[in-house]
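Coordinate analysis (summary)
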Amino acid sequence: IIATITLISFLAYSSQFFILIPYWLSTPGVSLTTMALYLVPFNIGVAFIFYNYYLVVFTSPGDVPPAWEPDWDSLGGVEVKASTGSPRYCKVCRSYKPPRAHHCRVCKRCVLRMDHHCPWVANCVGYANYGHFLRFLYSVDITMSMHVGLLALRVADWWSPYVHWREPSTAAMVVMVLNFAQGIPVLLMVGIFSLYHTYALCINTTTIESWEKDKVATLVRRGKIEEVKYPYDLGLKRNIQAVLGRRIIYWCWPGQGPLGNGLDYTLAEGHG
C-alpha cells in the first residue's frame, strides 16, 4: 500500500511542481486560467484515484455470515460440487460456501463473489469492493493518459515553431525521465488489466470463474462432460448494474455499491 501510494503521489505531483508549472510560468502568453484548464481536471482525476483506492483497500469484499446455510428449497441457492453432488463446503472456515464464494488462502476466509486477491491493495477483490476496484482502474487510465499527454506536450515544444524552446533544468530533466519511465508502463499495464476486467464485467464473470470456464471448455472438447451454460450472464446492462449499481448516471461515481446481498444471484434463463 505504501509503495502504491508513493508511486501515485510521485507521478501526480512531481510532474506538476518540477516540470509543468515551472515551464508554463516561464512561457509568455500562458495565463493562470490556461494552466487551470489543464491542471484542475488532472487533479480531480488524482483525487478519484486516491479515493477509489481507499475504498478498495478498506472495504471488506464480503464475508460469509456465521452459520450460513443455502436455501435448500431454491435451485439457484445451492451450488454443488460436480465430483460428489454435495453442497460446496469450506473445511477451513467450517461453513457452507454461498454461490460464487471462494476461500482466500492469504486472507484466510471465504470471500463472497471472489475475483482475486490483489497484493497492490492488500485485500481481496470481491462482491462488495469490485465496483470500487473498477473505478480505481478507470481513474488511473484516464488520469495517467492526461499525465503522459501533458508531458508529451512539454517535449513536443522542441519542434513547435510558435514556442521558444527552453532547456529544462537538470532536476526537471531527471524528473521527466522518471515520470516517463514509470508512467508509461503503469498506463500500459493498468490499461490491459482494465480491458480484461471490463470484459469480465460485461459478461458478469470473475477471474476465478474464467479459469473454471476454461477447464469446463477443455472437458467439453475432450468429451468428458456435456456443454454447460454459464448461469450468471444476464445481458450487458444487467451485468453492469449488478456490480456498479442500478442507476447509470452513478456508475462512475465513487462509493456506489453492488446489487443484492452477495449470498444469492439471479440466474440466466435456461441454465439447467
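None of the values given here were measured: they were computed from a predicted structure.

Attention now moves to the layout of surface pockets. If you add up the space inside the second largest pocket, you get close to 580 Å³. Lining the second largest pocket are 27 residues, with Thr-4, Trp-120, Phe-136, Val-186 and Val-190 positioned closest to its centre. Of all elements in the fold, only helix H1 (2-25), helix H2 (32-58), strand S5 (116-118), helix H3 (130-156) and helix H4 (170-202) reach the threshold of two or more residues within the lining of the second largest pocket. Examining the composition of the lining of the second largest pocket, we find that seven residues originate from one element, H3, more than from any other. Its residues assigned to classes, the lining of the second largest pocket comprises 22 nonpolar, five polar and no charged.

In the UniProt entry, the feature "transmembrane region" (unreviewed entry) is given for residues 6-25, 37-56, 136-159 and 171-196. As a span, residues 6-25 carries 100% helix and 0% strand, and end to end its C-alpha atoms are 27 Å apart.

For the pair H1 and H3, interaxial distance at closest approach is 11 Å and the crossing angle is 30°. On the basis of their axis angle, the class for H1 and H3 is roughly parallel. In the crossing of H1 with H3, the sense of the turn from one axis to the other is left-handed. Only Phe-136, Met-144, His-147, Leu-150, Leu-151 and Arg-154 of H3 make contact with H1, whose side of the interface consists of Ile-8, Leu-11, Ser-15, Ile-19, Leu-20, Tyr-23 and Trp-24. For the contact of H1 with H3, the residue count by class is 10 nonpolar, two polar and one charged.

On to the nonpolar core, then. Of all hydrophobic cores here, the largest spans 24 residues; its most connected members are Tyr-130, Phe-133, Phe-136, Val-140 and Leu-244. Elements supplying a minimum of two residues to this core: H1, H2, H3, H4 and helix H6 (236-244). For this core, the leading source of residues is H3, giving seven residues. Sequence-distant contacts of Phe-136, defined by excluding residues within four places in its chain, comprise Ile-8, Ile-49, Asn-52, Tyr-53 and Val-56.

Moving on, we get to helix H5 (residues 207-221). Given a rise of 1.5 Å per residue, 15 residues ought to cover 21 Å, and the 21 Å separating the end C-alpha atoms of H5 matches this to within 8%. Contacts from the buried residues of H5 go to strand S3 (102-104), S5 and H4. Once H5 finishes, Gly-223 follows within two positions and takes phi at roughly 80°, a positive value.

Let's shift gears to the pattern of salt bridges. Per the stated rule, a full pass over the model turns up two salt bridges. Its salt-bridge partner being Asp-63, residue Arg-109 comes within 2.8 Å of it at the nearest N-O pair. Here Asp-63 lies in the loop between H2 and strand S1 (89-90) and Arg-109 lies in strand S4 (residues 109-111), a separation of 46 residues in the sequence. Since its relative accessible area comes to 22%, Arg-109 is described here as partly exposed. Residue Asp-63 is classed as partly exposed on the basis of its relative accessible area, which comes to 39%. When the shortest N-O distance is used, the salt bridge between Glu-209 and Arg-100 registers 2.8 Å. Separated by 109 residues along the polypeptide, Glu-209 in helix H5 and Arg-100 in the loop between strand S2 (95-96) and S3 bring together distant segments of the chain. When sorted by exposure, Glu-209 lands in the same class as Arg-100, which is buried.

Now for empty space enclosed by the protein. A complete count under the given rule lists one cavity of 30 Å³ or more for this structure. Each pocket or cavity is described by its volume, and for the largest cavity that value is around 40 Å³. Taken together, 10 residues make up the lining of the largest cavity; nearest its centre are Pro-70, Glu-79, Pro-87, Arg-88 and Lys-97. Per-class residue counts for the lining of the largest cavity are six nonpolar, one polar and three charged.

Another aspect to go through is a nonpolar patch on the surface. Residues Tyr-13, Phe-17 and Phe-18 make up a contiguous nonpolar surface patch of roughly 320 Å² in combined accessible area. Along the chain, the position of Phe-18 falls in helix H1. A relative accessible area of 44% places Phe-18 in the partly exposed class.

How each quantity is defined
Residues numbered from 1 in each chain as written. Predicted model: local features only at pLDDT ≥ 70, side-chain atom pairs only at ≥ 80, totals over all residues. Heavy atoms only, no water. 1 Å grid on protein atoms, 1.4 Å probe; cavity = no way out; pocket = protein on both sides within 12 Å on 5 of 7 lines; lining within 4 Å. Points joined across faces, edges and corners; volume = space filled by probe spheres on them. Helix = DSSP H or I, 4+ residues; strand = E, 2+ residues; numbered from the N terminus. Nonpolar A, V, L, I, M, F, W, Y, C, P; charged D, E, K, R; others polar. UniProt positions renumbered as here; feature names shortened; annotations may be inferred. Axes fitted to C-alpha atoms, helices over the stretch in contact; angles between N-to-C directions. Parallel < 35°, antiparallel > 145°, perpendicular 65-115°, else oblique. Left-handed = near helix turned anticlockwise from the far one by under 90°. Contact = heavy atoms within 4.5 Å. Core = buried A, V, L, I, M, F, W, Y, C linked by side-chain atoms within 4.5 Å. Buried < 20%, exposed > 50% of the residue type's maximum accessible area, 1.4 Å probe, protein only. Expected span 1.5 Å × (residues − 1). Salt bridge = Lys/Arg side-chain N within 4 Å of Asp/Glu carboxyl O. Patch = residues over 30% accessible without salt bridge, like charges linked within 9 Å, V, L, I, M, F, W, Y side chains within 5 Å. Areas by Shrake-Rupley, 256 points an atom, 1.4 Å probe, with all protein chains shown as cover.

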